[in-house]
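# Structure at a glance
The chain contents come next:
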Amino acid sequence: MSLLKRIAGGDSAAVRECIDQYGGLVWSLARRLSRTPADAEDATQEIFLALWRNAGRFDEAKGSEKLFVAMLARRRLFDRLRKTRSEPPMDSSTEILESVEWPDPGARSEASIEAEQAKRALQQLRPEHRQVLELGLLHGLTQSEIAARLNMPLGTVKSFMRRGIARVREVMNIEQYAGRADV
Amino acid sequence: MSEPGSPTPPDAAMLDLLIKQLTEDLSPEEQRTLDGMDRAVMSACALDVERAAAAISLAATAGLREFPSQTLRSRIEQDASTLFAESQITALKSFELTPVRPRPRSRASAAGWYAAAACLLLAAFGWLRSSQLSAPPTANMPSTVPSIAPPPSPTPVPPKLAEERAALLALPQAVRLNLNATKDPAAAGVSADAVWDPVTQRGFLRIVGLKPNDPRIEQYQAWIFDASRDQRYPLSAGVFDVGGNSAEVIVPLHADLPVRVAKAFAVTVEAPGGVVVPALHHVVALGAVTTG
């Protein structure tokens, strides 16, 4: 039985396993999408609380448990970002946008199928498309901010994001339906 | 989710708006445009877009195992423990099982319930009478309703109880847990823990900050939820009082029935002498046993 199903069923032992399993994922997303380490800690705590409350909604037919955790985490993190965008920007010298190294998910046994699909799809994109996706989806920059940072027309940013997302979506859907056909 | 070959694929404009919506607010005009689009296509596409964005995040973070601090981990575990405790109270309250205000039920089941309750009360009353005959009444003795278990000694904490508790804590098979204070006014500032030995069926509740009670009006009662039994009927583990000078109270726990799998412990405020089934109107502390 999945960890989230166990938690939804009241198995408190599954809580620790869930933190072990997904703590690194949630923290690394929170760290990239939060303004300070303290914000990232608060966000991580908030995400896990939401996870405990919503564990019963996980449906393995719609994707892996890891994907569910990532979706929930991203929703929370971007909600927090929306609220803080009205605040004064941080000192640009402290704002570090680490470049994503895109680890090879296929080499890690714990990687989800969705991560492998995304990696394969992203490898087919041009570097500038990947860069736009990184800044928007992983570092939380708005499309206007990406355009300004990369000195690129806003329409081009939108187009690059659309192509990147569409490609990943296409690979995920094709393999999902191909998988069903194999059954 | 849109299948390949779907007759109405999302157009670029819809995708652009859904992607933007993932990470930032839409302008009022963009929102109106999105609202005017095909809802069925849009909702399926929105989920796909969100899944794709999450998959990209997974690909970027694959294998990252770093976790910030033990402090944060403890905070997260505490949240889960509190949430589990609150869920348990909510679930138990939904049954509305209280001998004070039983919910409407069929005549047959009500008769059965009252017969069972009467038997328990008579049995307990017999115990009370024999206790009263053999010993003079004390301030902690139930005044109106018989208790389910003998009330333990009140404050100050006798050294013997503290020693017995320490000895029990040292046993490898002992189950230990913290109880969380609820939002009940009587629970303000309360902290508690419990230890239970499944072999000897003995345990101790240690509780700090509980308000003194007037045993003529109400008493505190400890409960053990046994995972192998109907969760609507936790086992009474003792009725106790808190005196005016009690900083810390140690309560011996003992259930009249065998506790096969101790799942959770609770403290409630009940009528003098305790009750057979907790009313759960006033739960002051509750904690679930964690395993592993």
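Throughout what follows, the structure given in this document is the object of discussion. Just so it is clear, the model here is predicted, and its values are computed rather than measured. (Residues numbered from 1 in each chain as written. Chains lettered and ligands numbered in written order. Predicted model: local features only at pLDDT ≥ 70, side-chain atom pairs only at ≥ 80, totals over all residues. Heavy atoms only, no water.)

This part takes up the nonpolar core. Grouped together as the largest cluster of nonpolar side chains are 78 residues, with contacts concentrated most on Leu4(A), Ile7(A), Leu51(A), Trp52(A), Ile165(A) and Val168(A). When residues of this core are assigned to their parent elements, the largest contribution, 11 residues, is made by helix α3 (residues 39–61) of chain B. Each residue touching Ile7(A), except ones within four places of it in the same chain, is listed here: Ala14(A), Val15(A), Cys18(A), Trp52(A), Ala55(A) and Phe84(B). One finds Leu177(B), Leu179(B), Leu210(B) and Phe240(B) within the second-largest nonpolar core, a separate group that totals 31 residues. (Core = buried A, V, L, I, M, F, W, Y, C linked by side-chain atoms within 4.5 Å. Buried < 20%, exposed > 50% of the residue type's maximum accessible area, 1.4 Å probe, protein only. Helix = DSSP H or I, 4+ residues; strand = E, 2+ residues; numbered from the N terminus. Contact = heavy atoms within 4.5 Å.)

All names here are of chain A. Summed over all chains, the structure comprises four aromatic pairs over all chains. Ring centres 5.6 Å apart and planes at 65° place the aromatic pair phenylalanine 58 and phenylalanine 68 in the edge-to-face group. Within this pair, whereas phenylalanine 58 is found in the loop between α3 (37–54) and α4 (65–84), its partner phenylalanine 68 is found in helix α4, the two being separated by 10 residues in sequence. Each member of the pair, phenylalanine 58 as well as phenylalanine 68, is classed as buried. (Phe/Tyr/Trp six-rings, centres within 6.5 Å; stacked < 30°, edge-to-face > 60°.)

Right, let's get into the packing of helix α5 (residues 113–123) of chain A against α3(B). Between α5(A) and α3(B), the least distance of the axes is 8 Å, while the angle of their chain directions is 90°. Considering their axes alone, α5(A) and α3(B) lie roughly perpendicular with respect to each other. Between α5(A) and α3(B), the residues in contact are Glu114(A), Ala115(A), Ala118(A), Lys119(A) and Leu122(A) and Ala55(B), Ile56(B), Leu58(B) and Ala59(B), respectively. In terms of residue class, the contact of α5(A) with α3(B) is made up of seven nonpolar, no polar and two charged. (Axes fitted to C-alpha atoms, helices over the stretch in contact; angles between N-to-C directions. Parallel < 35°, antiparallel > 145°, perpendicular 65-115°, else oblique. Nonpolar A, V, L, I, M, F, W, Y, C, P; charged D, E, K, R; others polar.)

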